[in-house]
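Descriptive structure summary
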Amino acid sequence: MSLNGWLQIAVFILLILLAAKPMGSYMTRVFARRHTWLDPILGPCERLLYRVTGVNADAEMDWREYAGAMLIFSAATLLLTYAIERMQHWLPLNPQGLANVAPDLALNTAISFTTNTNWQAYVPESTMSYLTQMLGLATHNFWSAAVGLALAIAFVRGIARKETRLLGNFWVDLTRGTLWVLLPISAVLALALVSQGVVQNLRGYDTAKLVEPQKGVATQTIAQGPVASQEAIKMLGTNGGGFFNTNSAHPFENPTPLSNFLEMLAIFLIPAGLTVTLGQMTGSPRHGWAVLGAMCVLWLAGVLTCYWAEAQPNPLLHGVNQSVSATQSGGNMEGKETRFGVATSALFATVTTDASCGAVNGMHDSFTPLGGMVPMVNILLGEVVFGGVGAGLYGMLIFVVMTVFIAGLMVGRTPEYLGKKIEAYDVQLAMLYLLIFPLMILGLSAVSVLMPKLGLSSLANAGPHGLTEILYAYTSATGNNGSAFAGLNANTHWYNYSLGIAMFVGRFLMIVPMLAIAGNLAGKKSVPASAGTFPVTTPLFAILLTGVIVIVGALTFFPALTLSPLLEHLMLHAGKSF
Amino acid sequence: MLDLLLVIGALACFTVAQLYVEACDRLKAGGKRD
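Since the structure is predicted, the reported quantities are computational estimates derived from the model, not experimental observations.

In this section: the interface of chain B and chain A. Contacts between the two partners involve 17 residues from chain B, matched on the other side by 27 residues from chain A. Of the roughly 2000 Å² buried between chain B and chain A, counting both surfaces, carbon and sulfur atoms make up 74%. For chain B, the biggest contributors to the area lost against chain A are L6, F14 and Y20 of chain B; these three give 32% of the whole. Across the pair R64 of chain A and E22 of chain B runs a salt bridge whose closest N-O atoms are separated by 2.6 Å. For the pair chain B and chain A, the interface holds seven residue pairs in polar contact (both at pLDDT 80 or more). Its residues assigned to classes, the side of chain B that touches chain A comprises 12 nonpolar, one polar and four charged.

And the structure:
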């Protein structure tokens, strides 16, 4: 570990904390339909969209209507992407003449991008045409993030409002999230990335002559494409689907340490800001800061563990100098880019899995067992440590409901959350939300392991490492993260369909109970705080919230983790690798 | 043919999700009776 590494990590979180308030305040204005400086440009676009689509922007929805609109929108855009993938060979902007995408892979990809997962069971530069990347996939990067934003705002309205059944208008929230939040920041970020060397063009791939031909190979194909525009929203929308197969490790996606830093900042920018939005919309800014504090504690625990683990020398490389020096990064550099080194690779892995992004700048499969466990644990905690755009906040608020419920049980009072009594129905739905997640991950992983022809035939590694690869795949899919541990060829019928189901369930069947809680909370009266009310604005609340998240995650997944990365760690130090 | 089946399957999943919305709503009525 080096001072340089610590400084980069410290500067990163400092900038996120500084950006949270302006970003959160701006989003509060956007979703409250108050004036912003972008109104003169975007206002006419918004009104035109409503006129063309026939949306009545002033008509609000109850939770069922809100959920219905979200499902219809998601179904329509999923089918659009599927159709584009299946017909790309006959459509324009395909200079490489790439074939139509196979049905199972096309469906898997359409679900993946609709659910903000961006799991990629394909090699983008040899599978997807420019049209598919731009119209089928990049659009979903905006839409799925805007859907997450809208849902989080609906949940916050449910907490903030009293004795109403209305949560807002899904179409308005979707439109404003896209136009006012995602598009402007993406445009600026894309230009910043271009300045660092990220490519943005529509021409065919280049062919370069190798200076030193290798085993009869004398040329190298260098893929091109409209990368910067997709890269910006890929990070900002916590999508993570790379334009290239190696994602943010590719020099055309992430060429410099500065572009790497900007990409990490973009991942946390909106999730951090949303905690401030929560505080402002509920009239309790300190509650927003308490939630942000719990997120920061969990983030710090993850990055410290990952950085420490990756900075350790490989115990199997006897007699090799693996210490930090002026000429080498030290520690475990396998699968990492030399331009990023150990510290920012560990930071990137932590940030991308805390936030349901799923982009990678190093290969998680090559991390040490404990270092690789951190990204998986981050997802297993429910993607609530900052979390995906919107999804992180509403996931965290489910844990908040559970925390005040447990605190209420401790003191023998009906639990209250910002003046709303938490009753049986709310807790039943919160439990439903929390149980669906492990059911999909552990259930589908178990089926894959028990059916070798389906689950093990495309696995590259045996033993605990192989189990980690399978477990990580279903964790990433159900958590809508999308990062791959690698080592597992997931482009098989079994994995395409089963991971598709995991992504669908992990998104939509968790959103429904969340919205039902929001609708139920909105209808309640507000009870004034009394001496017995458990405050949700204090460090004690943040500690309790952190404890509930860790305990739920540990109790649910610890047995599986002992059989995968923890066992692998012990065996590595006993001299055996997989 | 497979395309048609997969599209129908995807729409069926969204239909299940919509039924799930109704089920969550009915759970509330059940909760109140208890």
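There's plenty left to go through after this.
With that settled, consider the nonpolar core. Judged by nonpolar contacts, the single largest core of 184 residues is most densely connected at F12, F155, F170, I270, W299, F386 and L515 of chain A. The residues touching F386 of chain A, leaving out its near neighbours within four places in the chain, are I13, I16, F268, P271, A272, L292, M295, C296, W299, D354, G392 and L393 of chain A.

Turning our attention to empty space enclosed by the protein. Residue and element names in this part refer to chain A. Taken as a whole, this structure holds three cavities of 30 Å³ or more when the rule is applied. In this structure, the largest cavity spans a volume of roughly 70 Å³. If you go around the largest cavity, the residues you meet are V404, G408, V411, R413, T414, P415, E416, G532, T533 and F534. Looking at the lining of the largest cavity, the element that brings in the most residues is helix α13 (residues 391-411), giving three residues. Across the lining of the largest cavity, the residue classes tally to four nonpolar, four polar and two charged. Considering only enclosed or pocket space, the second largest cavity measures out at about 40 Å³ in volume. Within the residue set of the lining of the second largest cavity, elements represented by two or more residues are α12 (369-380), α16 (463-478) and α19 (565-573). Top element by residues in the lining of the second largest cavity is α12. It accounts for three residues. Tallied by class, the residues present in the lining of the second largest cavity amount to five nonpolar, four polar and one charged.

All names here are of chain A. As defined by bridge partners, strand β3 (residues 206-214) adjoins strand β4 (residues 217-222) across five bridges and the pair is classed as antiparallel. Bridged to D206 within β4 is I222. The antiparallel pairing of β3 with β4 creates a hairpin that spans two residues between the two strands, and K215 there sits at a positive phi of about 45°.

What counts, and where the lines are drawn
Sequence order as written defines the numbering, with residues in each chain counted from 1. Written order determines the labels here, with chains lettered from A and ligands numbered from 1. Totals for whole chains, interfaces and linings use every residue, but because this is a predicted model, local features are given only for residues with pLDDT of at least 70 and side-chain atom pairs only at 80 or more, for both listing and counting. Computation of side-chain values covers all heavy atoms of the structure but excludes hydrogens and water. Contacts between residues were defined by any pair of non-hydrogen atoms, one from each residue, lying within 4.5 Å. Summed over both partners, buried area is the accessible surface (1.4 Å probe) that two parts give up on being assembled. Salt bridge, as used here: a side-chain nitrogen of Lys or Arg that lies within 4 Å of a carboxyl oxygen of Asp or Glu. Residues adjacent in sequence count toward polar contacts only when both atoms are side-chain atoms; beyond that, a polar contact is any pair of N or O atoms within 3.5 Å, and within protein one must be able to donate a hydrogen and the other to accept it. Each residue receives one of three labels: charged for Asp, Glu, Lys and Arg, nonpolar for Ala, Val, Leu, Ile, Met, Phe, Trp, Tyr, Cys and Pro, and polar for the others, Gly being one of them. Take the buried Ala, Val, Leu, Ile, Met, Phe, Trp, Tyr and Cys residues and link them wherever side-chain atoms come within 4.5 Å; each set so joined is a nonpolar core. For each residue, the accessible area found with a 1.4 Å probe, counting protein chains only, is set against the maximum for its type, and the residue is called buried under 20%, exposed over 50%, and partly exposed in between. The method works on a 1 Å grid over the protein atoms by themselves. A cavity is a set of points holding a 1.4 Å probe that cannot get out, a pocket is an open set with protein on both sides within 12 Å along at least five of seven lines, and residues with an atom within 4 Å of a point line them. Grid points are joined across faces, edges and corners, and a volume is the space filled by probe spheres set on the points. Only DSSP runs of H or I covering at least 4 residues are called helices, and only runs of E covering at least 2 are called strands; the numbering of each starts at the N terminus. Note: two strands are recorded as paired if DSSP finds a minimum of 2 bridges between them.

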